Amino acid sequence: KIEGIVYYYLPNSKGLIIITGALTADGIFGHIQESLMSNYAMTRNEMLYYSHVMGSVLILPLLVAKNEIPGSIYFCIENPSILPYMILHGLSMYIGLGFVVEMIRVFGTFVAMTVTSCRKFFSIVLSFLLFPKNLSFVFILSVLLVTFGVGNNIIYQNREKEEKPSPEIAIEHV
């Protein structure tokens, strides 16, 4: 799954590292969020709040070290028409992340990650339909790898469910 998305978006080595790191962190944090919600009965809004506070605390030193904050503020001052778009983007991200966290809470990490991967896949297909591009071998390979990754995860998850004995069977053997 990760390899397909990497090949599609950024075939250079820097992009490979960035996308692989982002997708790996996404998978890890999904499991952490599921664990926190089930063990500590956190609500969706609490999960989003604390995730973003921690993310902000972690990214702030990098932004300060690279002196990115003054440039961002200057850009917004020079281009005030961008602010409504930034607010709309933030609002849509909040709503989308709320749905993902709710999927994790209700259905588990595996289903949420499968749905988000399929959404990315259909976004790629839709982008080819709406904005025609040259179809290259890398794009075809990417689609095949994403499809293989999602299918492999589904098969693995189904096997895992089949191998676990049900509580009734376990009680009968005791």
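The structure displayed is predicted, hence computed values, not measured ones. (Residues numbered from 1 in each chain as written. Predicted model: local features only at pLDDT ≥ 70, side-chain atom pairs only at ≥ 80, totals over all residues. Heavy atoms only, no water.)

Q: Any details on the overall build of the chain? Residues and values, ideally.
A: Scanning the chain from terminus to terminus reveals eight helices and zero strands. Its helices and strands in sequence order give the chain the pattern α-α-α-α-α-α-α-α, from N to C terminus. A buried classification covers 20% of the 174 residues belonging to the chain. Considering only residue pairs separated by 6 or more positions, the chain has 65% of its internal contacts joining residues 24 or more positions apart. (Helix = DSSP H or I, 4+ residues; strand = E, 2+ residues; numbered from the N terminus. Buried < 20%, exposed > 50% of the residue type's maximum accessible area, 1.4 Å probe, protein only. Contact = heavy atoms within 4.5 Å.)

Q: Any details on unusual backbone geometry? Residues and values, ideally.
A: At Ala-41, a position not held by glycine, the phi torsion is positive, near 50°. Classification of Ala-41 by relative accessible area gives exposed; the value is 61%. One non-glycine residue with positive phi stands out, namely Asn-67, at about 55°. Summarising the element assignment, Asn-67 is placed in the loop between helix H3 (44–65) and helix H4 (68–78).

Q: An account of the nonpolar core is requested, with residue identities and associated values reported.
A: Counting eight residues, the largest nonpolar core consists of Met-37, Met-42, Met-47, Leu-48, Val-101, Met-103, Ile-104 and Ala-112. Element by element, the count of residues in this core is highest for helix H5 (residues 83–107), at three residues. Apart from the residues lying within four places of it in its own chain, the contact partners of Met-103 are Gly-108, Ala-112 and Val-115. (Core = buried A, V, L, I, M, F, W, Y, C linked by side-chain atoms within 4.5 Å.)

Q: So what's going on with a nonpolar patch on the surface? Residues and values would help.
A: Together, Ile-59, Leu-60, Leu-62, Leu-63, Val-64, Ile-69, Ile-73 and Ile-77 make up an exposed nonpolar region whose accessible area comes to about 690 Å². Of all the secondary-structure elements, those providing two or more residues to the nonpolar patch are H3 and H4. Within the secondary structure layout, Leu-62 lies in helix H3. A residue is classified by how much of its surface remains accessible, and Leu-62, at 45% relative accessible area, is partly exposed. (Patch = residues over 30% accessible without salt bridge, like charges linked within 9 Å, V, L, I, M, F, W, Y side chains within 5 Å. Areas by Shrake-Rupley, 256 points an atom, 1.4 Å probe, with all protein chains shown as cover. Salt bridge = Lys/Arg side-chain N within 4 Å of Asp/Glu carboxyl O.)

Q: Go over the environment of Met-103 with me, naming the residues and quoting the values.
A: Structurally, Met-103 is set in helix H5. Residues Met-103 and Arg-44, spaced 59 residues apart in sequence, show a C-alpha to C-alpha distance of 9.9 Å.

Q: Which residues make up H5, and what are the values?
A: For H5, built from 25 residues, the straight-helix expectation of 36 Å at 1.5 Å per residue is met to within 8% by its first-to-last C-alpha distance of 36 Å. Once H5 finishes, Gly-108 follows within two positions and takes phi at roughly 100°, a positive value. (Expected span 1.5 Å × (residues − 1).)

Q: Describe the packing of H5 against helix H6 (residues 109–130), with residues and values.
A: The N-to-C vectors of H5 and H6 enclose an angle of 140°; their axes lie 7 Å apart at closest approach. One finds that H5 runs oblique with respect to H6. Where H5 approaches H6, its residues Val-100, Met-103, Ile-104 and Phe-107 are matched on the opposing element by Thr-109, Val-111, Ala-112, Val-115 and Thr-116. (Axes fitted to C-alpha atoms, helices over the stretch in contact; angles between N-to-C directions. Parallel < 35°, antiparallel > 145°, perpendicular 65-115°, else oblique.)

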